[in-house]
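Architecture and fold: a report
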Amino acid sequence: GTDHANLPIWLWLQGRVQSALAVDVAEGPLQHARRQVAAYAPAVEVRHSDGLSGVRSDEVDCVAICGMGGATVRTIIDGGRTVLKGVRRLIIQPQGMEAEVRQLLISMGWECVDACLVSERKHLYVVESWEPDLQQYEWSSEDVRWGRIVRGRPDPLHRAWIERELLNVEQGLRRIERAGQSEHTD
């Protein structure tokens, strides 16, 4: 989901990567990415791919899956297991369903090694870095829900993150009440 290829271009311009592979499933973003890459970062290859399906396991050692819904992130990870066997780091930024994405990665033997909260345009996001085959920590249900590292370190955005989640729950309860299902066991 590279969209405009801003992340791989920035990484290359900063000297953080020698080369990068930018993939997207949609032709419109791919055309824009190709123009951006041609203008700024010739070491970035732009490729049409549905998730990791068009990527070989020996081509990449770090994968970033950011700016997509959690269900999409989960689908890309689950469908890209073969590619991910050769990856040493995975950066994720799911927009929702963070617990489900974490649960999948934990079940695949990955461990979260770093995380932070980010605020952009009045939205809060969690960004996590995962590595494979590390000593597995025991994840509590709260760790899976909120993020083991985010929970464990002070972050100025943590309170806003919790308040946002509480607001989501309150809105859900109001929808249930309006639908006349406030006595439902769930």
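Here, every reference points to the structure presented above.
Cut-offs used in this document
- Residues numbered from 1 in each chain as written.
- Predicted model: local features only at pLDDT ≥ 70, side-chain atom pairs only at ≥ 80, totals over all residues.
- Heavy atoms only, no water.
- Phe/Tyr/Trp six-rings, centres within 6.5 Å; stacked < 30°, edge-to-face > 60°.
- Buried < 20%, exposed > 50% of the residue type's maximum accessible area, 1.4 Å probe, protein only.
- Lys NZ or Arg CZ within 6 Å of the ring centre and 35° of its normal.
- 1 Å grid on protein atoms, 1.4 Å probe; cavity = no way out; pocket = protein on both sides within 12 Å on 5 of 7 lines; lining within 4 Å.
- Points joined across faces, edges and corners; volume = space filled by probe spheres on them.
- Helix = DSSP H or I, 4+ residues; strand = E, 2+ residues; numbered from the N terminus.
- Nonpolar A, V, L, I, M, F, W, Y, C, P; charged D, E, K, R; others polar.
- Core = buried A, V, L, I, M, F, W, Y, C linked by side-chain atoms within 4.5 Å.
- Pairing = 2+ DSSP bridges.
- Axes fitted to C-alpha atoms, helices over the stretch in contact; angles between N-to-C directions.
- Contact = heavy atoms within 4.5 Å.

**Overview of the packing of aromatic side chains**
What characterises a pair of aromatic rings is the spacing of the ring centres plus the angle enclosed by the ring planes. Taken as a whole and judged by the stated rule, the model has one aromatic pair. Ring centres of W130 and W139 lie 5.6 Å apart, and the angle between their planes is 10 degrees; on these two criteria the pair is classed as stacked. The pair formed by W130 and W139 is uniform in burial state, with each residue classed as buried. Over the face of the ring belonging to W146 we find R145, whose NZ or CZ atom lies 4.3 Å from the ring centre. Across the ring face of Y137, the terminal group of R148 is positioned such that the distance to the ring centre comes to 4.4 Å.

**Things to note about the layout of surface pockets**
Size it by volume and the largest pocket reaches roughly 1,600 Å³. Lining the largest pocket are 45 residues, with L7, P8, L11, A64 and C66 positioned closest to its centre. Elements with a minimum of two residues in the lining of the largest pocket: α1 (6-13), β1 (20-24), β2 (44-48), β3 (62-69), β4 (89-95), β5 (110-120) and β6 (123-132). Looking at the lining of the largest pocket, the element that brings in the most residues is β3, giving seven residues. Taken together, the residues of the lining of the largest pocket break down into 25 nonpolar, ten polar and ten charged.

**Quick notes on the nonpolar core**
The biggest cluster of nonpolar side chains holds 33 residues, and the ones touching the most others in it are I77, L84, L90 and W130. Only β3, α3 (70-79), α4 (81-84), β4, α5 (98-107), β5, β6 and α7 (148-152) provide two or more residues apiece to this core. Ranked by the residues each element gives to this core, the list is headed by α5, at five residues. If you look at the next biggest cluster of nonpolar residues, it comprises ten residues, including A5, L30, A41 and V44.

**Considering the sheet that holds β4**
The four strands are arranged β3-β4-β6-β5 in an open sheet whose pairing can be described as mixed. Two strands lie at the open edges of the sheet, namely β3 and β5, each paired on one side alone. In this sheet, neighbouring strand axes are inclined to one another by 15 degrees on average, regardless of whether the strands run parallel or antiparallel. Each of β3 and β4 touches α3; the most contacted strand, β3, lies at about 150 degrees to it.

Treat this as a map of the structure, not an account of what it does.
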